[in-house]
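# A closer look at the structure
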Amino acid sequence: MAAKRIMEEMERKGIQQNAYHYSALINRFGKEGRWKTSLGLLREMDRKGVRPNVVCCLLAIAACERGGRWREALNVLRDMGRIGVKLDVKCFNTALTACGKCGKWKEALCLLEKDMPKMGVTPDVDSYIGVISACEKNGQLRKALDLFRDMRQLGIEPDLYVYQVVNSALIKRGELEKADEIWREMRELGIEENVKSYTERMKVACDEQVGQWQYAIDLFRDMDNQGIEPDAMSFATVITAHAKCGNWMMAVELLQKMVDRGIEAHAVCFNATIEACFNSHEYFTAADVMRKGQMKGFYPVFESRAKTWDLHGFSFAVSCLLLSDALATFVRRGLHLRPSFEEIIVVTGKGRGSGPSGPVLQSKMPKFISHHHGPSTKKVRGNSGCFAITAETF
């Protein structure tokens, strides 16, 4: 074990080990994700008669937090308290973060409301950030809002992140006017917003479980009015919102704006724009967007000599366009008159967007081809995730 070898080497050289040496090692192994080693060093201090200090405690808790070990983080906190280490707010805040990351909002709340007062530790803004964030992420929206009120009553000034989390909680609850009111209050306090804070709120509004698409669009417009330059993620989010609202023209326009401003468009932007056009029956525009996506490498170009056309992981709209384009090219080149294959296997898998209602592509794609007078298809025995187009059907 590396830690043991280092300690043995120090002993061999006659170096008296102290809390400083242990804290350096605990920190090193904690950053490497070796939380067990860090905790082992903390326990070894007691056996070697070296009294741990608050720094050792903080670094051990941080190692647990990085490793997603909330229970061990709380054990360190309470063990150190019992042996008389005077814990500070940073130790508690790191333990709060560990609990929040693991979805343990009740444990985080207990630390804030019971353990910290018991140990005489006064919470700060980071303490409330940890608990409010844990509550918001785990659906305890009312509790997050109550904590926001409590911290202000205690005279603890929220920062941008706290306002962002609280705003997200209000958006999830559908309290949009209250969300706007809280955000205006933040501006009046002189707290500067940025593109990330806007984008995070837009992403919350665009969550499938929230479905506040128009509100996300309004936020993007407000960001523009505030003179904040959108980035690739904010463009991707608002394009998705327009797609959900059926605003295909706006989706196409925003995608072009990204190009004009030199912002690299993600595959998400192309997918959403294609969905918007396809669902509005603007098939030629959707195909044009798809071809631009092919040039960027987001979508495959199916070769006529290929024996497999793989649609795995694509949405229904993208899959329809890819297959239509491949079949049209095949016929346009006259390859259907002299096919160089016996059959082409079209791999569908389940398709992006599949859920409890079943696979998106497995049954829909053959129906799509049949409906649009394409070649006949046949099932592949033993594999429901694909179908075949035979040479003779051309």
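Located above this text is the structure these notes cover.
Procedures and definitions
- Residues numbered from 1 in each chain as written.
- Predicted model: local features only at pLDDT ≥ 70, side-chain atom pairs only at ≥ 80, totals over all residues.
- Heavy atoms only, no water.
- Pairing = 2+ DSSP bridges.
- Helix = DSSP H or I, 4+ residues; strand = E, 2+ residues; numbered from the N terminus.
- Axes fitted to C-alpha atoms, helices over the stretch in contact; angles between N-to-C directions.
- Buried < 20%, exposed > 50% of the residue type's maximum accessible area, 1.4 Å probe, protein only.
- Expected span 1.5 Å × (residues − 1).
- Contact = heavy atoms within 4.5 Å.
- Polar contact = N/O pair within 3.5 Å; in protein donor to acceptor, adjacent residues only side chain to side chain.
- Parallel < 35°, antiparallel > 145°, perpendicular 65-115°, else oblique.
- Left-handed = near helix turned anticlockwise from the far one by under 90°.

### Quick look at the sheet that holds strand E2 (residues 343-347)
Pairing is mixed across the open sheet formed by four strands, whose spatial order is E1-E2-E4-E3. Both edges of this open sheet fall to strand E1 (308-310) and strand E3 (378-380), since each of them pairs with a single strand only. This sheet shows a mean twist of 30° between the axes of neighbouring strands, independent of strand direction. By the bridge criterion, three bridges tie E3 to strand E4 (residues 383-390) in an arrangement that is antiparallel. Directly across from Lys 378, in E4, lies its bridge partner Ala 388.

### As for the pairing of E4
Most of E4 is tucked away, with six of its eight residues classed as buried. Following E3, the chain reverses through two residues before pairing antiparallel with E4; Gly 382 in that reversal takes a positive phi of roughly 80°.

### Describing helix H6 (residues 89-101)
With 13 residues, H6 should reach 18 Å at 1.5 Å per residue; the first-to-last C-alpha distance of 18 Å fits that figure. Buried residues of H6: Cys 91, Phe 92, Asn 93, Thr 94, Ala 95, Leu 96, Ala 98, Cys 99 and Gly 100, and no others. As for H6, its buried residues are in contact with helix H4 (54-66), helix H5 (70-82), helix H7 (105-118) and helix H8 (125-137). Of the residues flanking the start of H6, the one acting as N-cap is Asp 88, its side-chain oxygen 3.2 Å from the backbone nitrogen of Lys 90. Directly beyond the C-terminal end of H6, a positive phi value near 80° is found at Gly 103.

### Examining the pairing of E2
Across three bridges, the pairing between E1 and E2 is parallel. Each bridged residue has a counterpart across the sheet, and for Trp 309 the counterpart in E2 is Val 346.

### Concerning the packing of helix H3 (residues 35-47) against H5
Their axes nearest at 12 Å, the elements H3 and H5 cross at an angle of 10°. Relative to H5, H3 is oriented roughly parallel. In this structure, the crossing between H3 and H5 has a hand that is left-handed. Contact residues: H3 offers Trp 35, Leu 39 and Leu 42, while H5 offers Glu 72, Val 76 and Met 80.

### What to know about the environment of Ala 267
Relative to the helices and strands, Ala 267 is located in helix H16 (residues 267-279). Taking C-alpha positions, Ala 267 is 6.1 Å from Phe 298, a pair spaced 31 residues apart along the chain. If we skip the residues at most four places from it in the chain, Ala 267 touches Phe 298 and Tyr 299.

### Considerations on the side chain of Glu 193
Inspection of the secondary structure puts Glu 193 in the loop between helix H11 (176-188) and helix H12 (195-205). A residue is classified by how much of its surface remains accessible, and Glu 193, at 15% relative accessible area, is buried. A polar contact of 2.5 Å, which involves the side chain of Glu 193, links it to the side chain of Trp 183. A distance of 2.8 Å separates the side chain of Glu 193 from the side chain of Arg 187, its partner in a polar contact. With sequence-adjacent residues up to four places away left out, Glu 193 is seen in contact with Leu 160, Trp 183, Met 186, Arg 187, Tyr 198, Gln 226 and Ile 228.

### Regarding unusual backbone geometry
Look at His 281: it is not a glycine, yet its phi comes out positive at around 65°. Note that His 281 resides in the loop between H16 and helix H17 (283-295). For His 281, a relative accessible area of 57% corresponds to the exposed category.

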